[in-house]
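A structural walkthrough
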Amino acid sequence: MKKITPFAIFIILLSAADFSLSIPFLRPPGAILLALVLPGWGWALWLFPRRRGLPRLVIALGLSYALTTIGALLLHYLPGGIAAWHLAALLNVAAVAPFLHPQTRRAAVGLPQIKFSAAAIGFGLVMAPAVFLRAANLGYSEFQGDEALAMISAAETITGHADALFLRGKGPGEILLPAAVWTLSGAITEGPARFPFALAGIMGLLTFYLLARDLFNPKTARYATAILAGSGFMVGFSRIVQYQTIVIWMSALSLWMFWQWRIQKTARPLVLSGIFLGIGLLAHYDAILVVPAIGWLWLAGAGQDLARHARAGIVWAVAALTTAATFYLPYLLDPQISRTGDYVSGRIGAGIKNNLADFLHFHAFYSSFYYLLLAGLLLLGFLGWAVFHFKTGKWWTIFTVATLLMTAITPRWLGQWTVFPFIVILSAAFVSPALNAQKRTALLWFAAPFLGYTFGVATPLTHIYTTLPGWALLAGWAAARIRINRRAKWAVNAGLVLLSTLYLWNAFVRRDVEFLQDYPAGNLPVFFTPYPAPPETGFFGFVHKSGWKVIAPLQTDGLPAGDYDSNEEEDITSWYTRHAPRACDPGAELLFVADDVIDRQPLTAPAEDYAVVGQVNLPNGKGLTILQHRPPADPLGQLDEAALARRFDQSATPAAFAREPRPQVTMAVNFGGKIRLAGYSLVQQRAYPGGRLLLTLYWQAPHLLSENYKVFVQLDSDKKYAQADSAPVCGRYPTADWRPGQTIADRHALEISPDTPVGNYPLVIGLYQPETGRRLDVLDVAGNPAGVSVTIATVAIGAAP
C-alpha cells in the first residue's frame, strides 16, 4: 500500500492540537497531545530513522516527556510565571525543529503489519487489562494529600512563584508535567492531571517489554511484563499525580538505551540513556537506583579499547548530569536544600534496619497475597538455580531456599542481622558461573533497591516499588523456564491474569465499594490474606471519594466566613477549600466531616456547639457533613454534589489554587529590621462575649533569620479579655525557616471572655523571643524604636446573641 509520511501525520495532529486549545471542551485532549505526544515524534524519526512500531513509539513519547519537562522548567525560571502561549509556542518549535532536516521529512512509514500469533495474542491479553486498570475511572477519586500538594505547587509554578519547585522538596517532574497540561487547558480536573502518570505507567510497561526482550527473549519479556503489570504499586501509582511511574519508565528507557549502545556502539542511544536518566532524576532521586545495573553493563562491556570505553562512560554521565542539573544545580544553592537534607537523613536513620515485614505486608496489600507468593517463589527459583551451579551447589541451594523461606515466614527472626544472609545469597547468585551479563544486570536492578530500602532506610514505606522492575525480570525468566502442557499453560496464565485483574479492579477502579476504607470487608472473599489490617500508612491510588468539591462553590455562594476544622488531613482540604483558613483551636466556625478519610485527624470541637447545615450523600453510601457553630445560618440541606462539582471544575484555574496573600488591610510595620507585617485580615462575625475573633497576619522576612519568634495578639485593656500566643502558622512554620520575599499567612484565633464588657478594644500584636521574653522593637520610618507592639485595628465587641 502507499506509504504515509510521518510529517503529514504530524502536521495534521499538531494543527488539531493547536486548534483544540481555542475550544474549551477540547482543551484537555489538545493539551495532552501537544505536551505529551507530539514534541518527541520528529526527534525519534531523526535519531532513529530505521526504527518502527513499538520502539519508535516509546522513544518518541519519552522524548516528549523530556522536552516538556525541561521546557516548562526553563519557562518557570523566567519572571512572570508560565504563559499558555509561551509554552504552546515552545512546544510547537520543539516539535517542528527536527522536521527541518530533509531526512526526517522523507522518512516514510506504512501501516504496521500485525501478526496475530499466539505470542502476540498473549501479550495483548496482558496489556489490555493493564491499560484498563490504569485508565478506567481515572478522574473519579478525589486528590490525595501528596497529589494536592503537587497540584498546589503546579498552580504556584504557573502563576510565577519563584520558589514553588524548591519548596516541594522533591524533583520537579511530578509538578511540571501536570502544570504543562494545566497551563494549556486553562482549567483542570483530576483525570487530565493524572493522565501524564497513567500514560507513563503504560509506556513504562511497553518499554520494559522491549528491554526484557532484548536482554533475554520474547517469552521471558511477556512473563516479566505480566508480573510488573500485575503489581498494585504500578497500578496505584499510575492513577495519582506522583513521580513513581515516571521513575520506572525513565529508568527502563535509560537501561534499554544503554543496552542498545552496548550492542551498536553508536553515540545516539548512549546520549539518550543519559538524558532519560536525568529526566528520571528530575522526577525523583529514586531513579539513581538503576545506576548500579547500568554501571555493571558498562564495566562488563569493556573491551581492549579502554580509552574509548571510558570516553563513552563520560559522555553518558555528562548527558545525565547536565539534564538533572537544570534543576538540582540551582536547588543546591537554595536554603531549602538543607531542610530537604534533614528530611532525607531522618527517613534514612542510623544503623542497619529490618523492614522486611513491612516489605511483605505492602506487596500483599497492594497486589494480593497470591501475587506476593507467586512472584516470591519465582524469584526464589531463580536464586536457587543460580547458586546451584557452584561446585557445592546442592548445599548452596538448600541454604538459599531454607533461609529465604524461613525469613519470609518470620521476617524478624534475625532482627537487624537479617540483611547478612540476603547479602550472602544475592552476592553468591551474582558471581554464579551460570549468570551472564544480562542476568547480573537484572539482579543488580533488584538487589540495590531491595537491600537499600529494606535494610538501609528507617522508613522506606512505598519506595520499595523500586524493587519491582528487577524482580519482574528475574521472576519472568524463571516463569519462562517452566515446562507444562501448552493448553494447561494457556489456562494457568489466563487464570492468573484474570485473578490479578479482579483484585486490582476491586482495589483501584471499583466505585461502589472503597477497598481501603472498607477493609477488610472491601476485600473479595476469594483473596486470602494473612494480614487482618492494612499497613499503618502509605496508601496511594486506591479509589476514594467524599464529595469535597461542594465546599468551594458554597463559599462563593456565601457559606459563612471564618475558619474550619475537619477530620481529613489539611493537604486535601486545602485544595478543595482553596486555602480557606483551617483552625488551630477547637472553636472553628465550620466543621467538614467526611464519612471516610484518607488520613484521619482528631476533631476536638465539642459536638454540642455545632449544628448540621449541609449534607452530601454519594451513590456508594459515602458522604460529607457540613456543620456550623451555633447559632447556625439557614441550613443548606441536601447538596447536589454533581452540579457543585461541575462548578468547581469549571473554575479550577491555577490562580484559584495558588497561595496568594490577600489581606483585607495592607500595612508596612517593621519589627526590628528582621520581620515585616504586610497586612492582616479579621473576621468579626462572632465579636461578642463568649465569641471568637479570627485574625490572619501576613508576614515577610527581608532576609534569612537565625532566631525563632512567637507572636502575641490581644485585645488591649486593663484586663486581657482575649489573647493568643503561639509560634507562627499554628506552630508549624518557625521564623527561622522563612524564606526572604515569601509572604506567610499566620492565623490566630482569640477566644473572647464571656465577661467582656460591650465596647471598643484596640487589637494589639507583637513578636518576642520565647527563651528571653524580649520583644522585637517596632521601628519607625527612620529606623528608630517606636514601641514593642502595634495596634492594627479596633474591635467592637457587641452584645451576645
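Please read these numbers as outputs of a predicted model, since none were measured by experiment. (Residues numbered from 1 in each chain as written. Predicted model: local features only at pLDDT ≥ 70, side-chain atom pairs only at ≥ 80, totals over all residues. Heavy atoms only, no water.)

What follows covers the packing of aromatic side chains. The full count for this structure, using the stated rule, is 58 aromatic pairs. Each ring, one from F365 and one from F515, has its centre 5.2 Å from the other, and the planes form 40 degrees; the classification is tilted. Linking F365 in helix α19 (residues 356-367) with F515 in the loop between α25 (486-508) and α26 (551-557), this pair joins segments that are 150 residues apart in sequence. Among the residues examined, F365 registers a relative accessible area of 3% and is labelled buried. Note on F515: relative accessible area 0%, which makes it buried. On the basis of an interplanar angle of 70 degrees and a centroid distance of 6.5 Å, the ring pair of F539 and F542 is categorised as edge-to-face. The pair formed by F539 and F542 is uniform in burial state, with each residue classed as buried. One cation-aromatic arrangement involves R268 over W46; the distance from NZ or CZ to the ring centre is 4.8 Å. (Phe/Tyr/Trp six-rings, centres within 6.5 Å; stacked < 30°, edge-to-face > 60°. Helix = DSSP H or I, 4+ residues; strand = E, 2+ residues; numbered from the N terminus. Buried < 20%, exposed > 50% of the residue type's maximum accessible area, 1.4 Å probe, protein only. Lys NZ or Arg CZ within 6 Å of the ring centre and 35° of its normal.)

Across the five residues that make up strand β2 (residues 590-594), a large majority, four, are buried. Taken together, strand β1 (residues 564-566), helix α27 (residues 570-576) and β2 form a β-α-β motif whose crossover is left-handed. (Right-handed = clockwise from strand over helix to strand, strands pointing away.)

Looking now at the side chain of T625. As for its placement among the helices and strands, T625 is situated in strand β4 (residues 623-629). Side chain to side chain, T625 and Q615 meet in a polar contact 2.9 Å long. Ignoring sequence-local partners within four residues, the contact set of T625 consists of L591, F592, V593, V612, G614 and Q615. (Polar contact = N/O pair within 3.5 Å; in protein donor to acceptor, adjacent residues only side chain to side chain. Contact = heavy atoms within 4.5 Å.)

Cis geometry is found at the peptide bond from Y519 to P520, where omega equals 5 degrees. Put simply, R630 and P631 share a cis peptide bond, and its omega is 0 degrees. Note that P631 resides in the loop between β4 and β5 (637-638). Although it is not a glycine, S368 sits at a positive phi angle of roughly 95 degrees. The residue S368 is located in the loop between α19 and α20 (369-388) in this model. When its relative accessible area of 5% is taken as the criterion, S368 is described as buried. Positive phi values are uncommon outside glycine, yet R578 reaches one of about 55 degrees.

In spatial order, the strands read β10-β9-β12-β14; together these four strands make up an open sheet with antiparallel pairing. Edge positions in the sheet fall to β10 (723-726) and β14 (790-797), since each has one partner strand and no second. Within the sheet, the average angular offset between the axes of one strand and its neighbour, ignoring direction, is 15 degrees. (Pairing = 2+ DSSP bridges. Axes fitted to C-alpha atoms, helices over the stretch in contact; angles between N-to-C directions.)

To continue, consider the side chain of E147. Among the structural elements, E147 can be located in helix α8 (residues 145-158). Judged by relative accessible area, E147 falls into the buried class, the value being 1%. Within the structure, the side chain of E147 is placed 2.8 Å from the side chain of R194, a separation counted as a polar contact. For E147, the residues in contact, after removing those within four places along its chain, are E142, R194, R239, I240 and V241.

Turning our eyes to something else, we now look at α19. With twelve residues, α19 extends 16 Å between its outermost C-alpha atoms, agreeing within 8% with the 16 Å of an ideal straight helix rising 1.5 Å per residue. Taken across its twelve residues, α19 has eleven buried, putting it largely inside the fold. Looking only at α19, the buried set comprises L356, A357, F359, L360, H361, F362, H363, A364, F365, Y366 and S367. One or two positions beyond α19, positive phi appears at S368, with a value near 95 degrees. (Expected span 1.5 Å × (residues − 1).)

Tracing the backbone shows P525 in the loop between α25 and α26. Classification of P525 by relative accessible area gives exposed; the value is 82%. Each C-alpha atom, one on P525 and one on D755, is 61 Å from the other, the two residues being 230 residues apart in sequence.

The next point concerns the sheet that holds strand β11 (residues 743-751). Reading across from one edge, β11-β8-β7-β6-β13 is the order of the five strands in this open sheet, with antiparallel pairing throughout. Each end of this open sheet is capped by a strand with a single partner; those strands are β11 and β13 (778-779). As paired strands, strand β8 (residues 692-700) and β11 are joined by nine bridges and run antiparallel to one another. Paired with L697 across the two strands is D746, which belongs to β11.

What follows covers the environment of A84. Along the chain, A84 falls in helix α5 (residues 84-96). Between the C-alpha atom of A84 and that of A180, which follows or precedes it by 96 residues, the distance is 8.5 Å. Non-local contacts of A84, meaning those with residues more than four positions away in its chain, are made with T183 and L184.

Between its first and last C-alpha atoms helix α7 (residues 118-135) spans 26 Å; for 18 residues at 1.5 Å apiece the expected length is 26 Å, and the two agree. The secondary structure elements touched by the buried residues of α7 are α11 (190-215), α12 (218-229), α13 (232-238) and α25. N137 sits one or two positions beyond α7 and adopts a positive phi of about 55 degrees.

Okay, the packing of α11 against helix α24 (residues 468-480) next. At a closest axis distance of 11 Å, the pairing of α11 and α24 adopts a crossing angle of 45 degrees. In terms of orientation, α11 and α24 fall into the oblique class. Between α11 and α24 the crossing geometry is right-handed. Contacts between α11 and α24 pair F208, A212 and L215 from the former with P469, A472 and L473 from the latter. The residue makeup of the contact of α11 with α24, split by class, is six nonpolar, no polar and no charged. (Parallel < 35°, antiparallel > 145°, perpendicular 65-115°, else oblique. Left-handed = near helix turned anticlockwise from the far one by under 90°. Nonpolar A, V, L, I, M, F, W, Y, C, P; charged D, E, K, R; others polar.)

So, about the state of the cysteines. Summed over the entire model, instances satisfying the criterion amount to one disulfide. What pairs with C584 in a disulfide is C730, and their sulfur atoms sit 1.4 Å apart. Residue C584 is located in the loop between α27 and β2, and its partner C730 is located in the loop between β10 and β11; the two are separated by 146 residues in the primary sequence. (Disulfide = S-S within 2.5 Å.)

Glancing now at the pattern of salt bridges. For the structure shown, the criterion picks out 21 salt bridges. In this structure, R510 engages D512 in a salt bridge whose closest nitrogen and oxygen atoms are separated by 2.8 Å. With relative accessibility at 18%, the residue R510 sits in the buried group. E751 is paired through a salt bridge with R692; the nearest N and O atoms lie 3.4 Å apart. With a gap of 59 residues between them, E751 in strand β11 and R692 in strand β8 connect regions that are remote in the sequence. Residue E751 is classed as partly exposed on the basis of its relative accessible area of 40%. Taken together, the shared-partner salt bridges in this structure form one network comprising D563, D585, R692 and E751. (Salt bridge = Lys/Arg side-chain N within 4 Å of Asp/Glu carboxyl O.)

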